[in-house]
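What follows is the residue order along each chain.
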Amino acid sequence: MKSDFRPMFAMVIATCVLTACGTPYYLVRSDFMTSDNREAQPEIVESQTYLSVIPNIKSLAVKAPEGCANETAAESSGEAVGQDVLLKTTCGIEMAELERALTQAGFQVISWNVLQNKVLKEEITPQKASKELGAEVLFQINSLERSLVQTGQDARWERRFYESNDQGEQLDAASLPVKEGEQLILQIKKKESSLSQQERLSVTINASASLVKTAETMWFYEWTHAETQKQDTATKVLAICNDGKCRETSIKSTEQSDEGRLVSGNSEAISKQKNVKDQQNALYHRLLRDVVTNLATSFKHKS
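Conventions and cut-offs
- Residues numbered from 1 in each chain as written.
- Predicted model: local features only at pLDDT ≥ 70, side-chain atom pairs only at ≥ 80, totals over all residues.
- Heavy atoms only, no water.
- Helix = DSSP H or I, 4+ residues; strand = E, 2+ residues; numbered from the N terminus.
- Buried < 20%, exposed > 50% of the residue type's maximum accessible area, 1.4 Å probe, protein only.
- Arc of directions from axis to C-beta.
- Polar contact = N/O pair within 3.5 Å; in protein donor to acceptor, adjacent residues only side chain to side chain.
- Pairing = 2+ DSSP bridges.
- pLDDT = per-residue confidence, 0-100.
- Contact = heavy atoms within 4.5 Å.
- Salt bridge = Lys/Arg side-chain N within 4 Å of Asp/Glu carboxyl O.
- Disulfide = S-S within 2.5 Å.

Caption draft 1: Broad picture of the environment of His 285. Considering the arrangement of structural elements, one finds His 285 in helix H8 (residues 276-299). Judged by its relative accessible area of 17%, His 285 falls in the buried class. Sequence separation between His 285 and Glu 94 is 191 residues, and the spatial gap between their C-alpha atoms is 8.6 Å.

Here it is in structure tokens:
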């Protein structure tokens, strides 16, 4: 009497479909979604005096803040690290950027250095020195600060499970029992913490302008400008789940083994990468230029 194995074979196939007939691989993907990409616009206050006189203003005198960065041009731009610099001007880089922006906006600019030297030499007020130098407006930089802004103050993690293989490919979306899902989330959280601690460089400037002949402060400006928020970041973990237990595993390399490969030589590129400090200085220089350009164009009369 013949035995019919077909029902049993069908049951085995069904069981394989449900259990993957082997050690199942799962990919956990976590996306760091931030909602603080848009920064606040500059805060500008314009008095009626400003609105009435700005169309005819041609010359400005610029006063530097009490303290600001003491760097050479190369250090500020990140192009070089200064060593044994013999001569450099306190506040020179920042103030030069401001004077450049105001000049490009169409004003005649009396250098902050000229104004400061006159104030110190003759022991007079900046207002009086500006008047004697022929300036119509005294432009005062009250503060200029470089700081770090914490990334993701208003952020969330979006985690998804996917079927995978030993090469870590993202396949179909997967649903797992709560126990296994919690284990996978614990694995991905170890990597999430490093992403949520990222910081962005920012520059804050506070300035005001006063009419020289009356000493009336007629215009105010403040803005914190930060580096562009990096696009939402993702991290992932490849794990094996078996018998209700999940553990992280490494992705199997697809590179060809060196065994049997032939080589005829090689070449090696030599590159001296800028260190982190140089990169931050270069970024600061770009942010500073953005800020002073916005300040200068905001102060210029919009006809």
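Okay, back to it.
Caption draft 2: View of helix H5 (residues 112-122). Listing the buried residues of H5 in full gives Trp 112, Leu 115, Lys 118 and Val 119. Buried residues of H5 fall within an arc of 135 degrees about the axis and therefore sit on the same side. In H5, the exposed positions angled more than 90 degrees off the buried face are occupied by Leu 120 and Lys 121. One side-chain oxygen at the N-terminal end of H5 lies 3.2 Å from the backbone nitrogen of Asn 113; it belongs to Ser 111. The first or second residue beyond H5 is Glu 123, which carries a positive phi of 55 degrees.

Caption draft 3: The pairing of strand E3 (residues 59-63), seen in detail. Across the five residues of E3, five count as buried, placing the element largely inside the fold. Burial along E3 is two-sided: the face carrying Ser 59, Ala 61 and Lys 63 and the face carrying Leu 60 and Val 62 are both buried. In this sheet, strand E4 (residues 108-110) lies alongside E3 in parallel orientation, the contact comprising three bridges. Bridge pairing in E4 places Ala 61 opposite Ile 110.

Caption draft 4: Looking closely at the confidence of the model for the chain. Chain-level pLDDT for the chain is 77 on average; 68% of the residues reach the 70-or-more range. Within the chain, the lowest mean pLDDT, 37, falls on helix H1 (residues 6-19), and the highest, 96, falls on E4. Low pLDDT, under 50, characterises residues 69-75; the predicted model gives this stretch 21 contacts beyond four residues in sequence or across chains. Predicted confidence is poor over residues 79-89, with pLDDT under 50, and the contacts of this stretch with residues over four places away or in other chains come to 14 contacts.

Caption draft 5: How the structure looks around unusual backbone geometry. A positive phi is found at Glu 123, a non-glycine position, where the angle reads about 55 degrees. Mapped onto the elements of the fold, Glu 123 is located in the loop between H5 and helix H6 (126-132). Despite not being glycine, Asp 243 shows a phi value in the positive range, around 55 degrees. One can find Asp 243 in the loop between strand E9 (233-242) and strand E10 (245-248).

Caption draft 6: A look at the pattern of salt bridges. Per the stated rule, a full pass over the model turns up four salt bridges. With a closest N to O distance of 4.0 Å, Arg 100 and Glu 97 form a salt bridge. Here the residue Arg 100 and the residue Glu 97 both occupy positions in helix H4 (residues 92-104), the gap between them amounting to three residues, near one helical turn. Overall, Arg 100 belongs to the partly exposed group, its relative accessible area being 34%.

Caption draft 7: How the structure looks around the side chain of Ser 202. Along the chain, Ser 202 falls in strand E7 (residues 199-211). Ignoring sequence-local partners within four residues, the contact set of Ser 202 consists of Glu 145, Arg 146, Ser 147, Leu 148, Val 149, Thr 224, His 225, Ala 226 and Leu 287.

Caption draft 8: Fine view of the state of the cysteines. Evaluated as defined, the whole model comprises one disulfide. The disulfide partner of Cys 241 is Cys 246, and the S-S distance across this bridge is 2.0 Å. Because the torsion about its S-S bond is 110 degrees, the bridge between Cys 241 and Cys 246 counts as right-handed. Here the two residues Cys 241 and Cys 246 agree in accessibility, since each one is buried.

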